[in-house]
Amino acid sequence: MSLYQDHILDHYHNPRNYGNLPHATHHAEALNPTCGDSLALDLNIEDGIIKEVGFTGKGCAISLASASLLFEEAKGKETVKMQVLAPEDVLKLTGLALSPVRMKCALLSLETLKKALKSK
Amino acid sequence: MLKERFPLFKKHPELVYLDSAATKLKPASVIAAQTEYLEASSTNIARGLYPLAEGTTARVDAVRKAAADFIGSDPEEIIFTSGTTAGLNMAAYMLENFITLEGNVVATDLEHHSNYLPWKELAKRSSAEFRLAASTSTGALDEESFEGVLDEHTELVALTAVSNVSGIINDIPSLVRFIRKRAPHAIIIIDAAQRAAHLPIDVREWDADMIAFSGHKMYGPTGIGILYGKKSLLDTLPPAVFGGGMVSDAYAEETVYREVPARFEAGTPDIAAIFGLGEAFRFLEEIGFEKIREHDLALQAHALSELRKVFGEDIQIIGSGKPEDYAGILSFTFGSLHPHDIAQLLGEKNVAVRAGEHCAAPFHRVKRLAATTRISFGIYNEKSDIDRLVAALKEVTRILS
């Protein structure tokens, strides 16, 4: 079965919550230097709830679609719940069965989210 | 039909293998020689006094002779290593005494990490300056690349004969002449890994001090490689690896090293791989570099013209774009489409290519490329492989765009 299922291609071609948030309370960037992928994430957090998300990035379909899916999922959630997300949660969410080589593409989004939650 | 001599295609008849720069597939004769060692002569070399061990030793000596004939050297100038990476790292330790505090060590931005990091580390250990020669806009090295970085304090220059990313051929004899003029004291090291199966190597014409290449990139086994060194230089160098077989005597106060090249070959080598390597030399000799070059040129011309015809402005080919400048490798990018997506989707369609930085981060940084997609050829490839690649690429770019 192809890695590039319709929902992955959909999120790659039409990423949700794409763009910057002008008054973000939290922000982080992460980079995968070996494949040139990069993500930048803005969050608006109020009373421990992620109210708004906005991201920009460039990279492969797997990294961008994972970012779109994960950040969309994070919207409206409590930060404490997002802080404990594990790599397996991201794979379950995206439905991707990845080889170790491509795993880092999907997990760049998780790294960015966790960095943003810790930022000020 | 050369393809029939490669058993992998019997197991995977649908495979379009365009990743020969990573490793070449192995002909049946190479596999048979490895098996023959394991089944019929699996004894150690150099020490046994019974016929079977003597036979194995003679066979290893014969492969050393074949390696010497392959590059036009003397057998004493051939050191068996486990591959190009091991050879270059070993050379960096053998040459440590040559590098001084006032000196500089030069590599180029075209190098594979294995012909870059050992020299950078050597410079660091010796507190010498590490300098980088810049490749041209078409991904080759010329005199200008070295103009500003060489001087009388240059103690070592490392460069590649064929770039593993762009596939562009460097004119080694003329570059070596130029380097010798500007840096008369420099030891010159050539990474010939990507050249060995595509174009001849002539150590006398090249006049480099050391040359490294791998068995598995020239239809031989993995785990074996050659480090060539000029005899006059090797005679002055200390070993980098110590152990059995490399000393003639050992006291607590003094170690007496054996002659060259034995002093650089401590321990038992991968003998099965040496048997296989012997057959790889024979295979290349049987086909001949004239025919190999003709084959590469035909594939390169066909690939370049098809890719341009079908994808036009959408594809960016790395290098000059002239078939005669390449040696079995072509790399490209497709605008914002990520090479990992392209390679993965091609893989799903049974077309094996490579995507990423190809262990050459400096090249990608300098050329402002995040990553590239690379296709590379072996003697078993046919024009129809390129046609299948182009057809698959059409579909892949449609999915991703």
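Keep in mind the model is a prediction, meaning the values are calculated, not measured.

A.B. asks: Lay out the interface of chain B and chain A in plain terms, naming residues and giving numbers.
C.D. replies: Counting from both sides, the interface comprises 13 residues of chain B and, opposite them, 17 residues of chain A. Between chain B and chain A the total buried area reaches about 1200 Å² when both faces are included, carbon and sulfur atoms providing 50% of it. Looking at the side of chain B facing chain A, the largest losses of area belong to His340, Asp341 and Gln344 of chain B, adding up to 36% of the total buried there. Where chain B touches chain A, the interface holds one salt bridge. In this structure, Arg102 of chain A engages Asp341 of chain B in a salt bridge whose closest nitrogen and oxygen atoms are separated by 3.2 Å. There are nine residue pairs in polar contact (both at pLDDT 80 or more) connecting chain B and chain A. Put simply, the parts of the chain that give the side of chain B that touches chain A at least two residues each are α12 (339-348) and α14 (383-400) of chain B. If you tally residues by element for the side of chain B that touches chain A, the top one is α12 of chain B, at five residues. Residue composition of the side of chain B that touches chain A, grouped by class: five nonpolar, four polar and four charged.

A.B. asks: Provide a residue-level description of the environment of Glu102 of chain B, including the pertinent values.
C.D. replies: Inspection of the secondary structure assignment puts Glu102 of chain B in the loop between α4 (84-94) and β3 (104-108). Between the C-alpha atoms of Glu102 of chain B and Gly229 of chain B, which are 127 residues apart in sequence, the distance is 25 Å.

A.B. asks: Kindly report on the nonpolar core, identifying the contributing residues and their values.
C.D. replies: All names here are of chain B. In this structure, Phe146, Leu159, Ile190, Ile211, Phe213 and Met218 are the most contacted members of the largest nonpolar core, which totals 71 residues. The greatest single-element share of this core, amounting to 11 residues, is contributed by helix α10 (residues 271-287). Excluding its chain neighbours within four sequence positions, the residues that come into contact with Ile190 are Leu159, Ala161, Ile172, Val176, Trp206, Ala208, Met210, Ile211 and Ala212.

A.B. asks: Tell me about the sheet that holds strand β12 (residues 329-333) of chain B, and name the residues and values.
C.D. replies: All names here are of chain B. As summarised here, the arrangement of the four strands in space is β11-β12-β15-β14, forming an open sheet in which the pairing is antiparallel. Either end of the sheet is taken by a strand with one partner, and the two such strands are β11 (316-317) and β14 (354-356). For β14 and strand β15 (residues 372-376), the ladder comprises three bridges, and the chain directions are antiparallel. Considered in β15, the bridge of Arg354 is made with Arg374. Packing of helix α11 (residues 289-311) onto the sheet brings it into contact with β11, β12 and β15, and relative to β12 it is tilted by some 15°.

Calculation notes
- Residues numbered from 1 in each chain as written.
- Chains lettered and ligands numbered in written order.
- Predicted model: local features only at pLDDT ≥ 70, side-chain atom pairs only at ≥ 80, totals over all residues.
- Heavy atoms only, no water.
- Contact = heavy atoms within 4.5 Å.
- Buried area = accessible area lost by both parts, 1.4 Å probe.
- Salt bridge = Lys/Arg side-chain N within 4 Å of Asp/Glu carboxyl O.
- Polar contact = N/O pair within 3.5 Å; in protein donor to acceptor, adjacent residues only side chain to side chain.
- Helix = DSSP H or I, 4+ residues; strand = E, 2+ residues; numbered from the N terminus.
- Nonpolar A, V, L, I, M, F, W, Y, C, P; charged D, E, K, R; others polar.
- Core = buried A, V, L, I, M, F, W, Y, C linked by side-chain atoms within 4.5 Å.
- Buried < 20%, exposed > 50% of the residue type's maximum accessible area, 1.4 Å probe, protein only.
- Pairing = 2+ DSSP bridges.
- Axes fitted to C-alpha atoms, helices over the stretch in contact; angles between N-to-C directions.

The analysis is restricted to geometry; functional conclusions fall outside its scope.
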